[in-house]
Amino acid sequence: IETVSQAVNIINAGMKFRQMASQKMNETSSRSHTILHIDVYQTKRYEEDQVEQVQARLVLVDLAGSERVRRTTSKGQRLEEAKHINASLSNLGNVI
């Protein structure tokens, strides 16, 4: 991409897949983990024969929060999601 509007369009497309739901403890609880990985490349030209390339990497991570099932009183699909969220966070903690 080359413009800010292109970046916003890509982020918005990804946000369509993000799962959100309300529960007793939080009106807009994230039901999924989100990772945004951005590689930025820049070419600087000093003179016709002198070119410098710079690159950077930015990784943004939004983890779904762990849930205390008793407090949220989640049931059905929300309860199953909470179990998966808690298990994935526990596994992530083990890896780290």
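K.L.:
Explanation requested: the overall build of the chain in the structure shown.
P.N.:
The helix and strand inventory of the chain stands at three helices and four strands. Secondary structure of the chain in N-to-C order comes out as α-β-β-β-β-α-α. Across the 96 residues of the chain, 14% fall into the buried class. For the chain, the proportion of contacts with a sequence separation of at least 24, taken over those separated by at least 6, is 41%. Surface accessibility of the chain: about 8100 Å² in total, with carbon and sulfur atoms responsible for 52%.

K.L.:
Hey, could you run me through the pairing of strand 3 (residues 34-47) in this one?
P.N.:
Consecutive side chains along a regular strand alternate between the two faces of the sheet. Across 13 bridges, the pairing between strand 3 and strand 4 (residues 50-62) is antiparallel. Bridged to Thr-34 within strand 4 is Asp-62. Connecting the antiparallel pair strand 3 and strand 4 is a turn made up of two residues.

K.L.:
Quick question: what am I supposed to make of helix 3 (residues 76-95) here?
P.N.:
A turn of α-helix holds 3.6 residues, and therefore any two residues three or four places apart point the same way. Relative to the 28 Å expected for 20 residues at 1.5 Å per residue, helix 3 spans 29 Å between its end C-alpha atoms, a close match to the ideal helical length. Glu-81, Ala-82 and Ile-85 are the residues of helix 3 that are buried. Burial along helix 3 is one-sided: seen end-on, the buried residues are contained in an arc of 105°. Within helix 3, the exposed residues directed more than 90 degrees away from the buried face are His-84, Asn-94 and Val-95.

Rules and cut-offs
- Residues numbered from 1 in each chain as written.
- Predicted model: local features only at pLDDT ≥ 70, side-chain atom pairs only at ≥ 80, totals over all residues.
- Heavy atoms only, no water.
- Helix = DSSP H or I, 4+ residues; strand = E, 2+ residues; numbered from the N terminus.
- Buried < 20%, exposed > 50% of the residue type's maximum accessible area, 1.4 Å probe, protein only.
- Contact = heavy atoms within 4.5 Å.
- Areas by Shrake-Rupley, 256 points an atom, 1.4 Å probe, with all protein chains shown as cover.
- Pairing = 2+ DSSP bridges.
- Expected span 1.5 Å × (residues − 1).
- Arc of directions from axis to C-beta.

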